[in-house]
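# Structural description and commentary
The primary structure of each chain is shown beneath.
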Amino acid sequence: MERIERHASFGGRQEVWKHVSRTLGCEMRVGVYLPAAALRGQPCPVLYWLSGLTCTEQNFITKAGAQAHAARHGLIVVAPDTSPRGATVADDPAYDLGQGAGFYLNATRAPWVPHYRMEDYVVDELPALVEQHFPALPRRGILGHSMGGHGALTLALRHPGRYASVSAFSPIVAPAQVPWGQKAFTAYLGDDRAAWAEHDTVTLIAQPRDERLPLLVDQGDADEFLASQLRPELLRAACESAGHPLTLRLQPGYDHSYYFVASFLADHFAHHAGALAAGVDEPGA
């Protein structure tokens, strides 16, 4: 790993690193915030953030105001890119497929299959790197926005025991039923609806499971994608049917932007900090 950015922030340090990913077969960039305790070498829990369509590692670390919350709770925050990138990596002219739109799954269809393995990257390779190179505890939470909210929910459901907490902003909860998901799933996974179901939060919630992590989901009611792509009412119905703990908050007047994310991010950090048993002292304490 090679550090390419470092910025002092709230007693800690926001960094950006690059590395060659064996899983994705390309160079990847990832934002890492280190609170004061981590800079002193004290092991800290890790919160993974997954961004949405078109984003890179920069969107969250520059727009969300996450550093103050991470510093307060003593959390390392890791924000990877949303897809493999590079001249040899398959792409599509549309914003919702290809580079910038990895959908946090492992593709099984050409031309995507050689590089588009974001599930393995986020769940396995990236945590191994983080826990090797930083004072990171193997105690993890995961959250995300939009496509990244889909990723956070599905990865937590698909990998019980891997994460201690999960939350999402404006997630695509039923990708098999909406245009964004149907387009991506057809390209990456083919026409097999059974394969789609394995990456659909609403379907996964309905499956019997021993682990039922409480879900915190925030959604703006002025979101332009609310009715066509996000469908939070389907998540509510699925959780009620399965008895899965869900706090779904429909926030009046908020849209799909990082203004929305920044407005409620403190609540999400508190949700994760409690589950991760992170300290709540001031930076440096």
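Coordinates for the structure precede this section.
In this report, the structure presented in the accompanying data block is examined. Note that the structure is a prediction, hence the values are computed from the model and not measured. (Residues numbered from 1 in each chain as written. Predicted model: local features only at pLDDT ≥ 70, side-chain atom pairs only at ≥ 80, totals over all residues. Heavy atoms only, no water.)

## Looking at the overall build of the protein chain
Put simply, the test is: Only DSSP runs of H or I covering at least 4 residues are called helices, and only runs of E covering at least 2 are called strands; the numbering of each starts at the N terminus. With the radius of gyration taken over C-alpha atoms, the globule rule is written as 2.2 Å times the number of residues to the power 0.38. Accessibility here uses a 1.4 Å probe with only protein chains present; expressed as a share of the type maximum, an area under 20% marks a residue as buried, one over 50% as exposed, and anything in between as partly exposed.
Along the backbone of the protein chain there are eleven helices and nine strands. Taking 285 residues into account, the globule formula puts the C-alpha radius of gyration at 19 Å, and the protein chain, at 18 Å, falls close to it. Viewed in the frame of its principal axes, the protein chain has a C-alpha envelope of about 50 × 45 × 35 Å. Classification of the 285 residues of the protein chain by burial places 58% in the buried group.

## Some points on the nonpolar core
Which entries qualify depends on this criterion: Put simply, a nonpolar core is a bunch of buried Ala, Val, Leu, Ile, Met, Phe, Trp, Tyr and Cys residues held in one set by side-chain atoms that sit within 4.5 Å of each other. Residues are treated as being in contact if the distance between any of their heavy atoms lies within 4.5 Å.
Ile76, Phe103, Val122, Ile142 and Tyr188 are the most contacted members of the largest nonpolar core, which totals 68 residues. The residues touching isoleucine 76, leaving out its near neighbours within four places in the chain, are Val32, Tyr33, Leu34, Pro35, Ala38, Cys44, Pro45, Val46, Leu47, Pro135 and Ala136. Of all hydrophobic cores here, the second largest spans 23 residues; its members include Tyr33, Trp49, Ile61 and Val77.

## Digging into the pattern of salt bridges
To keep it simple, the criterion reads: Salt bridge, as used here: a side-chain nitrogen of Lys or Arg that lies within 4 Å of a carboxyl oxygen of Asp or Glu.
One pass over the structure, following the stated rule, counts 13 salt bridges. Ionic pairing is found between arginine 158 and glutamate 119, a salt bridge with its closest N-O pair at 2.8 Å. Of the two residues, arginine 158 sits in helix α5 (residues 147–158) while glutamate 119 sits in helix α4 (residues 118–133), which places them 39 residues apart along the sequence. Looking at glutamate 119, the relative accessible area reads 2%, which means it is buried. Between glutamate 131 and arginine 140 there is a salt bridge, and its shortest N-O distance comes to 2.8 Å. With a relative accessible area of 7%, arginine 140 lands in the buried category. Among the ionic contacts, a cluster of salt bridges with common partners joins Arg3, Arg13 and Glu15.

## Observations concerning the environment of methionine 147
Here methionine 147 is to be found in helix α5. Put simply, methionine 147 and leucine 230 are 83 residues apart on the chain and 9.6 Å apart in space, counted from C-alpha to C-alpha. Ignoring sequence-local partners within four residues, the contact set of methionine 147 consists of Ser51, Gly52, Leu53, Thr82, Gly100, Ala101, Gly102, Phe103, Tyr104 and Ile172.

## Focus: the environment of proline 232
Mapped onto the fold, proline 232 is located in helix α10 (residues 232–242). Each C-alpha atom of the pair proline 232 and valine 202 lies 9.6 Å from the other, and the pair is 30 residues apart in sequence. Each residue touching proline 232, except ones within four places of it in the same chain, is listed here: Val173, Gln219, Leu226 and Leu248.

## Observations regarding the packing of aromatic side chains
Any aromatic ring pair is given by two values, namely how distant the centres are and how the planes are angled relative to each other. Selection criterion: Each Phe, Tyr or Trp ring (for Trp, its six-membered ring) is paired with any other whose centre lies within 6.5 Å, and the angle between the two planes then decides the class: stacked below 30 degrees, edge-to-face above 60, tilted in between.
The full count for this structure, using the stated rule, is 13 aromatic pairs. Ring centres of tyrosine 254 and phenylalanine 264 lie 4.9 Å apart, and the angle between their planes is 70°; on these two criteria the pair is classed as edge-to-face. Of this pair, tyrosine 254 sits in the loop between β9 (246–251) and α11 (258–276) while phenylalanine 264 sits in helix α11, and the two are ten residues apart along the sequence. By relative accessible area, which is 28% here, tyrosine 254 ends up partly exposed. Of the residues examined, phenylalanine 264 reaches a relative accessible area of 13% and is grouped as buried. Ring-pair connections join several aromatic residues into one group, and the members of that group are Trp49, Phe60, Phe169, Tyr254, Tyr258, Phe260 and Phe264.

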